[in-house]
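Coordinates in review
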Amino acid sequence: MSRAEPLAAARAPRVLWSLGLLRSELLVTFRRWRTLALLGVLAAVPVLVGIAVRIETGDGSSLGGPGGGGGGGPAFISQISNNGLFLVFTALAATLPFFLPMAVGVIAGDAIAGEANAGTLRYLLVAPAGRTRLLLTKFTTVLAFCLAATLVVAVSALAVGALLFPLGDLTTISGTRITYAEGLWRALLIALVVAASLVGVAALGLFVSTLTGSGIAAMATTVGLLITVQILDQIPQLDAVHPYFFSHYWLSFADLMREPVYWDDLLKNLGLQGLYAAVFGSAAWARFTAKDITS
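So, here's what we can say about the structure. This structure is a prediction, so every number in the text was calculated from the model and none was measured. (Residues numbered from 1 in each chain as written. Predicted model: local features only at pLDDT ≥ 70, side-chain atom pairs only at ≥ 80, totals over all residues. Heavy atoms only, no water.)

**Some points on the side chain of S156**
- Among the structural elements, S156 can be located in helix α6 (residues 131–164).
- Overall, the relative accessible area of 13% leaves S156 in the buried class.
- If near-sequence neighbours (up to four positions away) are discounted, S156 is found in contact with A43, P46 and V47. (Helix = DSSP H or I, 4+ residues; strand = E, 2+ residues; numbered from the N terminus. Buried < 20%, exposed > 50% of the residue type's maximum accessible area, 1.4 Å probe, protein only. Contact = heavy atoms within 4.5 Å.)

**Some words on the nonpolar core**
- Counting residues in hydrophobic clusters, the biggest one holds 77 residues, and the most contacted among them are F89 and F253.
- Elements that contribute at least two residues to this core include exactly α2 (33–56), α3 (86–95), α4 (99–118), α6, α7 (180–197), α8 (199–209), α9 (215–232) and α10 (264–290).
- For this core, the leading source of residues is α6, giving 11 residues.
- Ignoring any residue separated from it by four or fewer positions in sequence, one finds F253 in contact with F76, F89, L92, A93, L96, I190, V193, V194 and L266. (Core = buried A, V, L, I, M, F, W, Y, C linked by side-chain atoms within 4.5 Å.)

**Looking at empty space enclosed by the protein**
- In the structure shown here, the tally under the stated rule is 1 cavity of 30 Å³ or more.
- Roughly 90 Å³ of internal volume is contained in the largest cavity.
- For the largest cavity, the full set of lining residues is E25, T29, R32, R34, T35, I107, D110, A111, E115, K138, T141 and V142.
- Of all the secondary-structure elements, those providing two or more residues to the lining of the largest cavity are α1 (4–31), α2, α4 and α6.
- Taken together, the residues of the lining of the largest cavity break down into 3 nonpolar, 3 polar and 6 charged. (1 Å grid on protein atoms, 1.4 Å probe; cavity = no way out; pocket = protein on both sides within 12 Å on 5 of 7 lines; lining within 4 Å. Points joined across faces, edges and corners; volume = space filled by probe spheres on them. Nonpolar A, V, L, I, M, F, W, Y, C, P; charged D, E, K, R; others polar.)

**So, α3**
- Of all 10 residues in α3, 9 are buried, a share of seventy percent or more.
- Of all the residues in α3, the buried ones are F86, L87, V88, F89, T90, A91, L92, A93 and T95.
- Buried residues along α3 sit against α2, α4, α6, β1 (170–171) and α7.

**Focus on the side chain of T210**
- Within the secondary structure, T210 sits in the loop between α8 and α9.
- Those residues in contact with T210 that sit more than four places away from it in its chain are I112, L135, A284, R287, F288 and K291.

**Observations regarding the environment of W263**
- Structurally, W263 can be placed in the loop between α9 and α10.
- When the C-alpha positions of W263 and S252 are compared, they lie 8.9 Å apart, and in sequence the two are 11 residues distant.

Encoded structure:
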């Protein structure tokens, strides 16, 4: 028997344990009433936006009045009555500044602190999980929630848009026409970009979660930091540091609706999210692996 065979045999149970731990964590997280309530609220936003637009345009008038300027609403809102697919883009633009990151902040903030508060963290570490593996599992679960939450908004908006408004070829921001199938493909890409835009909040929330044993405190701190960063991002005097805030390029996903696509801000956004994930993920690992677990 070669030396590699015992190593492979020993590695297989660890891989199976890691997958089992991830599966268990995903089931626990997505079965919690708090998670289901957050997803329910996110799904309701496109419904409310769609109904509001339908009521306002029910007499044949343009959204926002005779000028049809959209009333200063989220991007794409003035186009919803012409094509229901635009409700997907509008719903994502409406939820990304607050609702989506707040939901992610709640889940991420509770990831470690919630276990400590419930007294289950020590028992998780007694099992052969290891602190690094447990932290990676928690982070992966939060990332899965980022994707699930974004898709819930997009699918809800797509269904409501199809029910309340006509569908068909659509006009990009650049004024070119694309087919409905191409529009659906871009809607999926936009949803994936929005989910990726939440990675920075997820990493920040996970780091905060390692600093306290109170789930409520971790969630409140994460949401508070989210609000603070968004306020600072609107102050003109801080223009020099705006590009370093994780929320600064969030709405760059609209560039996917241009022809050709503008990639500059999109790539800056993805790079910034990766930087936040690396910095705060490393900080969370350093804190968690050196932390005394008493509960």
